[in-house]
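The residues making up each chain are set out below.
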Amino acid sequence: MEEVRVFTLTCAVQNYAWGKAGLDSEVAKLVLGGDPLAVIEEDKPYAELWMGAHPKADAKIKDNLTGETTLGQWIAQFPGCLGSKVKDTFQGQLPFLFKVLSVNTALSIQAHPNRELAARLHAQFPEHYPDDNHKPEMAIALTHFQGLCGFRPVEEILGFLKSVPEFHALVGNEAAEELRCVTGDAVHTRQALKKCFTRMMNCEKKVIVDQLNMLMKRVTGDAGKDTSECNGALLLRLHSQYPGDIGCFSIYFLNYVALEPSQAMFLGASEPHAYLYGDCIECMACSDNTVRAGLTPKYIDVNTLCDMLNYTPAPASSKLFPPVKDYSDPFVSIYDPPVPDFTVMRIQVPASVKQYTVAALDSAGILLVVEGDAIATSAAALSDITLRRGTVLFISANEAVSLHVTAQLGMTMFRACCLL
Ligand SMILES: [Zn+2]
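Residues numbered from 1 in each chain as written. Predicted model: local features only at pLDDT ≥ 70, side-chain atom pairs only at ≥ 80, totals over all residues. Heavy atoms only, no water.

Asks: Please clarify how the coordination of the zinc ion should be interpreted in this entry.
Replies: Around a metal, the idealised angle for a tetrahedral arrangement of four donor atoms is 109.5 degrees; for an octahedral arrangement of six donor atoms it is 90 or 180 degrees. Surrounding the zinc ion are the protein donor atoms Gln110 (OE1), His112 (NE2), Glu137 (OE) and His273 (NE2), at 2.1 to 2.3 Å. Here the zinc ion binds four donor atoms, and the angle range of 89 to 163 degrees at the metal identifies the geometry as irregular. The sequence pattern formed by the donor residues of the zinc ion is Q-x1-H-x24-E-x135-H. With Glu137 in strand S9 (residues 137-141) and His273 in strand S13 (residues 273-285), this pair connects stretches of sequence that are 136 residues apart. In this structure Glu137 comes out as buried when scored by relative accessible area, which is 3%. (Donors = N, O, S within 2.8 Å, 3.2 Å for Na, K, Ca; no water. Tetrahedral: all angles 85-135°; square planar, octahedral: opposite > 155°, others 65-115°. Helix = DSSP H or I, 4+ residues; strand = E, 2+ residues; numbered from the N terminus. Buried < 20%, exposed > 50% of the residue type's maximum accessible area, 1.4 Å probe, protein only.)

As structure tokens, this is what we get:
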């Protein structure tokens, strides 16, 4: 089996309640594309597709010769498939988890600890923090995608403190005044912002609910009027999903980020964020550590959260993470975040190109076909492989795959790998 080093995967779907339902979901569409016999239920949420070897949902190798082998088992048996650098750096484990997300209702506002904090939290509270790894993430939009990300510029937050008295009440006079008086010193600004956010997060639940009710009354009472001063449309949407939740007020602290297809955002350690709506490709270090801040029925660790966040204010536009062109391949755009664990490539083969080679890398990779059809051949595959929308291919390090493109309109693929 070792000589077969390129093969297709059957990947697990997570049916979390926040996912898009039925064939509205990109996840469901890809599942059906990859397996025309798959049954998609109209009312069921298809939230995430996990393409990787995470123990919670290890992909199955779709090759009848290997029986029921999972990708994780196979890598454990043949760690050389990772590439020598990746194998040594990440102790024989695939360092990333590749996903597709289809978001219908907001996911919790959250941040992920850095490695040091993750280790400490895991040692102290293993029930809340399941492993000791960091979890940088990157989201690349497949459809129009909306999220919250990072603290807004101070002027914007001051604007909301002025125009939304209910928000001001939760932050309190003293903290709000301190933020108003910052003069541009970065350390002082971060301290003042931290104080404002911490005060709000520590308000009693009843106070939060009362202020939120007042605000909702004001916004809904203003029917027909312009409520943009208090971000009315987004507030109404989040409140309908999470009534009474402190996260509804976070829209005054955090940037609203809208991504068009192929635009990306990178979420480094301690960056507060939430996904609100849309479909995306996501890649992350293999970890499950999340500290939550609202829009969730789950456990919120307010002290850890308020302590760890990156309080550097920055405009929404700075949250976009642009890809770079691959000099060796005009059809490849590289999203290479400032962490060693993963890189994502977008491969866009134009309609005019019928023969294309997915280049060999010194890293194992997972390739997802989002659009288009091809016949793939590789010296390391058991036989020719038909690629179509939804096909997920595992490619061992140092193996190339030749594509004969049969689609009329070209192909779009995403490839996760680890470029050390
Ligand atoms: Zn996250």
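Asks: Whenever I open this one, the pattern of salt bridges confuses me. Can you help?
Replies: One side chain can pair with another of opposite charge once the charged atoms of both are near each other. The tally for this structure, following the rule as stated, stands at 17 salt bridges. Between Arg199 and Glu174 there is a salt bridge whose closest N-O contact spans 3.3 Å. With a gap of 25 residues between them, Arg199 in helix H8 (residues 186-201) and Glu174 in helix H7 (residues 173-180) connect regions that are remote in the sequence. Residue class for Arg199 comes out partly exposed when judged on its relative accessible area of 36%. On the basis of relative accessibility, which here comes to 49%, the residue Glu174 falls in the partly exposed class. A salt bridge links Glu177 to Arg180, with the shortest nitrogen-to-oxygen separation between them at 2.6 Å. With Glu177 and Arg180 both in helix H7 and three residues apart, this pair spans about one turn of that helix. (Salt bridge = Lys/Arg side-chain N within 4 Å of Asp/Glu carboxyl O.)

Asks: Would you explain the UniProt feature "active site" (unreviewed entry) in the protein in this entry?
Replies: Mapped onto this numbering, the UniProt entry gives "active site" (unreviewed entry) at Arg292. With respect to the secondary-structure elements, Arg292 resides in strand S14 (residues 291-294). With sequence-adjacent residues up to four places away left out, Arg292 is seen in contact with Ser108, Ile109, Gln110, Lys298, Tyr299, Ile300, Asp301 and Leu305. Side-chain polar atoms of Arg292 contact the side chain of Ser108, separated by 3.4 Å. (UniProt positions renumbered as here; feature names shortened; annotations may be inferred. Contact = heavy atoms within 4.5 Å. Polar contact = N/O pair within 3.5 Å; in protein donor to acceptor, adjacent residues only side chain to side chain.)

Asks: Just to check I follow, could you spell out the sheet that holds strand S15 (residues 324-326) for this structure?
Replies: Sheet strands associate in pairs through backbone hydrogen bonding, adopting either a parallel or an antiparallel arrangement. The eight strands are arranged S6-S1-S22-S19-S24-S17-S16-S15 in an open sheet whose pairing can be described as antiparallel. Each edge of the open sheet is held by one strand with a lone partner, namely strand S6 (60-61) and S15. Relative to strand S17 (residues 343-349), strand S16 (residues 329-335) runs antiparallel, the two sharing four bridges. Its bridge partner lying in S17, Ile334 is registered against Met345. (Pairing = 2+ DSSP bridges.)

Asks: Please clarify how the sheet that holds strand S20 (residues 374-377) should be interpreted in this entry.
Replies: Within the open sheet, the four strands sit side by side as S18-S23-S20-S21. Their pairing is antiparallel. Edge positions in the sheet fall to strand S18 (355-358) and strand S21 (385-387), since each has one partner strand and no second. Here the average twist between neighbouring strands, direction ignored, is 30 degrees. As defined by bridge partners, S20 adjoins strand S23 (residues 401-405) across four bridges and the pair is classed as antiparallel. Each residue of the ladder has a partner; that of Ala376, found in S23, is Leu403. (Axes fitted to C-alpha atoms, helices over the stretch in contact; angles between N-to-C directions.)

Asks: What should I look at first to understand the environment of Ser318 in this one?
Replies: By secondary structure assignment, the location of Ser318 is in the loop between helix H11 (302-308) and S15. Considering only alpha carbons, one finds Ser318 and Pro113, 205 residues apart in sequence, at a separation of 21 Å. From its side chain, Ser318 meets the backbone oxygen of Pro315 in a polar contact 2.6 Å long.

Asks: Looking at this structure, how should I read helix H9 (residues 205-221)?
Replies: Residue pairs spaced three or four apart in an α-helix point in one direction, given the helix's 3.6 residues per turn. Between its first and last C-alpha atoms H9 spans 24 Å; for 17 residues at 1.5 Å apiece the expected length is 24 Å, and the two agree. Within the span of H9, buried status applies to Ile208, Gln211, Leu212, Leu215, Met216 and Val219. One side of H9 holds all its buried residues, which, seen down the axis, span an arc of 140 degrees. Residues of H9 that are exposed and point over 90 degrees away from its buried face: Lys206, Lys217 and Gly221. Buried residues belonging to H9 abut helix H6 (165-171), H8 and helix H10 (232-241). (Expected span 1.5 Å × (residues − 1). Arc of directions from axis to C-beta.)

Asks: Help me understand the side chain of Lys319, please; the structure alone is not making it clear to me.
Replies: Relative to the assigned elements, Lys319 resides in the loop between H11 and S15. Only 3.0 Å separates the side chain of Lys319 from the side chain of Glu271, close enough to count as a polar contact. Setting aside residues no more than four positions away along its own chain, Lys319 makes contact with Cys149, Gly150, Asn255, Val257, Ala264, Met265, Phe266, Glu271 and Ala314.

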